[in-house]
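Here are the chains, one letter per residue:
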Amino acid sequence: MKIALAQLDYHIGNFAENTGSIVLAIEKARIEKADLVVFSELSICGYPPLDLLERKEFVLQSISEIKKIANVCDTIGAIIGGPSLNPAGEGKMLCNSAYFLFGGEIKQVVNKSLLPTYDIFDEYRYFEPNRVFSLLHFKNKKIALTICEDLWDDQPVENEFARRRLYTRHPLEELCKHGPDLVINIAASPFSHTRMELKKGIFTGKAKKHCLPVIYVNQVGAQTQLIFEGGSMAVDGKGNIISQLAFFSPEIRIIDTDDLDGTHTPAPESNPDRIGMIHDALVSGIKGYFSKMNFTKAVLGLSGGIDSALTLVLAARALGKDNVHAILMPS
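As a starting point, this report considers the structure included with it. Each chain carries its own residue numbering, running from 1 in the written order of its sequence. Since the coordinates come from a predicted model, pLDDT governs what is reported: local features require at least 70, and pairs of side-chain atoms require 80 or more to be given and counted, while whole-chain, interface and lining totals use all residues. Computation of side-chain values: all heavy atoms of the structure, hydrogens and water removed.

**As for the packing of helix α1 (residues 15-31) against helix α2 (residues 56-70)**
Here's step 1: Only C-alpha atoms enter the line fits that serve as axes; for helices the fit covers just the stretch in contact. Angles between N-to-C directions range over 0 to 180 degrees. For helices the rule is a DSSP run of H or I covering at least 4 residues; for strands it is a run of E covering at least 2, with both sets numbered from the N terminus onward. Axis separation between α1 and α2 bottoms out at 11 Å; the angle between their running directions is 25°. The orientation of α1 relative to α2 falls into the category roughly parallel. Crossing handedness for the pair α1 and α2: right-handed. Here Phe15, Thr19, Ile22, Val23 and Ile26 of α1 lie close against α2, whose contacting residues are Phe58, Gln61, Ser62, Glu65 and Ile69.
Here's step 2: Counted by class, the contact of α1 with α2 contains six nonpolar, three polar and one charged residues. Throughout this description, any angle smaller than 35 degrees is read as roughly parallel, any larger than 145 degrees as roughly antiparallel, any in the 65 to 115 degree range as roughly perpendicular, and the remainder as oblique. Each crossing is labelled by how the near helix is turned from the far one, with a counterclockwise turn of less than a right angle marking it left-handed and a clockwise turn marking it right-handed. We call two residues in contact when some of their heavy atoms are within 4.5 Å. For this classification, the nonpolar set comprises Ala, Val, Leu, Ile, Met, Phe, Trp, Tyr, Cys and Pro, the charged set comprises Asp, Glu, Lys and Arg, and every other residue, Gly included, is treated as polar.

**Details of the sheet that holds strand β13 (residues 241-244)**
Here's step 1: With mixed pairing, six strands are arranged side by side in an open sheet as β6-β7-β8-β9-β12-β13. Only two strands of the sheet have a single neighbouring strand rather than two, namely β6 (136-138) and β13. Put simply, the sheet's adjacent strands are angled 20° from each other on average, direction ignored.
Here's step 2: When DSSP finds two or more bridges between two strands, those strands count as paired. Relative to strand β7 (residues 141-147), β6 runs antiparallel, the two sharing three bridges. Each bridged residue has a counterpart across the sheet, and for Phe138 the counterpart in β7 is Lys141.

**Some remarks on helix α4 (residues 196-210)**
Owing to its 3.6 residues per turn, the α-helix aligns residues three or four sequence positions apart on the same side.
Here's step 1: Under the convention used throughout, the expected extent of a helix is 1.5 Å for every residue step, that is, one less than its residue count. The end-to-end C-alpha distance of α4, which contains 15 residues, comes to 22 Å, matching closely the 21 Å that a straight helix rising 1.5 Å per residue would cover.
Here's step 2: For α4, the complete set of buried residues consists of Met196, Leu198, Lys199, Lys200, Ile202, Phe203, Thr204, Lys206, Ala207 and His210.
Here's step 3: After α4 finishes, the residue Cys211 shows a positive phi value of roughly 55°. For each residue, the accessible area found with a 1.4 Å probe, counting protein chains only, is set against the maximum for its type, and the residue is called buried under 20%, exposed over 50%, and partly exposed in between.

**Focus on the side chain of Lys206**
Here's step 1: Mapped onto the fold, Lys206 is located in helix α4.
Here's step 2: Within the structure, the side chain of Lys206 is placed 2.8 Å from the side chain of Asp153, a separation counted as a polar contact.
Here's step 3: Setting aside residues no more than four positions away along its own chain, Lys206 makes contact with Leu151, Asp153, Asp154, Leu172 and Gly201. Polar contact is the term for a pair of N or O atoms within 3.5 Å; when the atoms are in protein, one must be able to donate a hydrogen and the other to accept it, and sequence-neighboring residues count only if both atoms are side-chain atoms.

**Here's the deal with the pairing of strand β9 (residues 214-217)**
Here's step 1: On β9, burial covers both faces: Val214 and Tyr216 on one face and Ile215 and Val217 on the other are all buried.
Here's step 2: Sheet analysis places strand β8 (residues 182-186) next to β9, joined by four bridges and oriented parallel. The residue of β9 that forms the bridge with Ile186 is Val217.
Here's step 3: Think of it like this: strands point away, you trace from the first strand over the helix to the second, and a clockwise trace means the crossover is right-handed. Considered for its hand, the β-α-β crossover made up of β8, α4 and β9 is right-handed.
Here's step 4: Examined bridge by bridge, β9 and strand β12 (residues 233-235) share three bridges and lie antiparallel to one another. Note that in β12 the partner of Tyr216 across the bridge is Met233.

**Quick word on the pairing of strand β4 (residues 94-102)**
For a regular strand, side chains alternate in direction, first toward one face of the sheet and then toward the other.
Here's step 1: Burial of β4 is extensive: eight of the nine residues sit out of reach of the surface.
Here's step 2: Sheet analysis places strand β3 (residues 77-85) next to β4, joined by eight bridges and oriented antiparallel. Paired with Ile79 across the strands is Phe100, a residue of β4.
Here's step 3: For β4 and strand β5 (residues 105-111), the ladder comprises six bridges, and the chain directions are antiparallel. The residue of β5 that forms the bridge with Tyr99 is Val109.
Here's step 4: From the end of β4 to the start of β5, which pair antiparallel, there are two residues, and Gly103 there has a positive phi angle of about 65°.

**With respect to the packing of aromatic side chains**
Here's step 1: Pairing of aromatic rings covers Phe, Tyr and Trp, the last through its six-membered ring, and needs centres within 6.5 Å; plane angles under 30 degrees mean stacked, over 60 mean edge-to-face, and all others mean tilted. Tallied over the entire structure, the rule returns 11 aromatic pairs.
Here's step 2: Taking the centre distance of 5.7 Å and the plane angle of 70° together, the rings of Tyr118 and Phe121 count as edge-to-face.
Here's step 3: Among the residues examined, Phe121 registers a relative accessible area of 14% and is labelled buried.
Here's step 4: Each ring, one from Phe191 and one from Phe248, has its centre 5.5 Å from the other, and the planes form 70°; the classification is edge-to-face. Taken together, the positions of Phe191 in the loop between β8 and α4 and Phe248 in the loop between β13 and β14 (251-256) put the pair 57 residues apart, joining distant regions of the chain.
Here's step 5: Following the ring pairs from residue to residue traces out a cluster consisting of Phe100, Phe102 and Phe138.
Here's step 6: Between the NZ or CZ atom of Lys92 and the centre of the ring of Tyr124, over which it lies, the distance is 3.7 Å. Criterion for a charge above a ring: Arg CZ or Lys NZ at most 6 Å from the ring centre, at most 35 degrees from the ring normal.

**Section: the nonpolar core**
Here's step 1: Counting residues in hydrophobic clusters, the biggest one holds 44 residues, and the most contacted among them are Ile3, Leu36, Ile79, Ile184 and Ile215.
Here's step 2: Once you skip the residues sitting within four places of it in the chain, Ile184 turns out to touch Ile3, Leu36, Val38, Ile79, Ile143, Ala144, Leu145, Thr146 and Ile215.
Here's step 3: Membership of the second largest hydrophobic core comes to 38 residues, among which are Ala4, Phe15, Ile69 and Tyr99. What is meant by a nonpolar core is a set of buried Ala, Val, Leu, Ile, Met, Phe, Trp, Tyr and Cys residues, joined one to another through side-chain atoms within 4.5 Å.

In structure tokens, the structure reads:
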């Protein structure tokens, strides 16, 4: 089966732009003979939507846009992240979901089980966790479909006052009881220069532990203070990265699941330069903030110090030097 990893940039609440980008990616994947195209977590509305999730019209429009996209998924499947209404009569109103579209309709909705509530995350405030586990069946493949944190239940201990297992429920272990052929993880995982190796280790470690290929699709771009680096990847059942997408750049890449059988040559080992990644993240953050706020020009007051000089360089690289006006402050 050929799977398109669609690593895109989304704009919170800009449904026209998000839907347009998703449809274009589906059409491109169709032209390249993909069977399935995978998008990131809450891609239809952008991540993190925060208190917009408490607005009924926002949630209903998210679902409506997904139904529109389903209309173009007649001969190609798609997995799209978005909020869904919790069908239970109790608990939170919403679930953080992955919609599987095929044949012009929503075929299946898979809900996120582990809802992070630490650091910049506050998902348990809005969503009800999933407690029922089943596989997605498509093109003779049994797929364990997971959402971001669902694979982060088992992490290296970073200090003595921490536990390796953050949760009492372990989604992939539950899904493996049903005998999946591969794992797909859709994510909205922000950039952290201190956790790059940890993040890679989550996906390669899960693949190796369960002897299953893992496909991970992240997003790029910036949403206020959060920056997403992309770096989506396909890992074989031995824990080798067979293909990895670019950092900080939208990209669509076709992966053949036959290449994840453990007999193919891994991608060249990449060890991203930490300072270079921080630079690229900052440029991406500035560019994303200006474009999503419809700003085109910036004015900077320069004090003569290295900090303001560095800010000027980053702004010029993000916006173009003709769009940055510098004023020398008296000192």
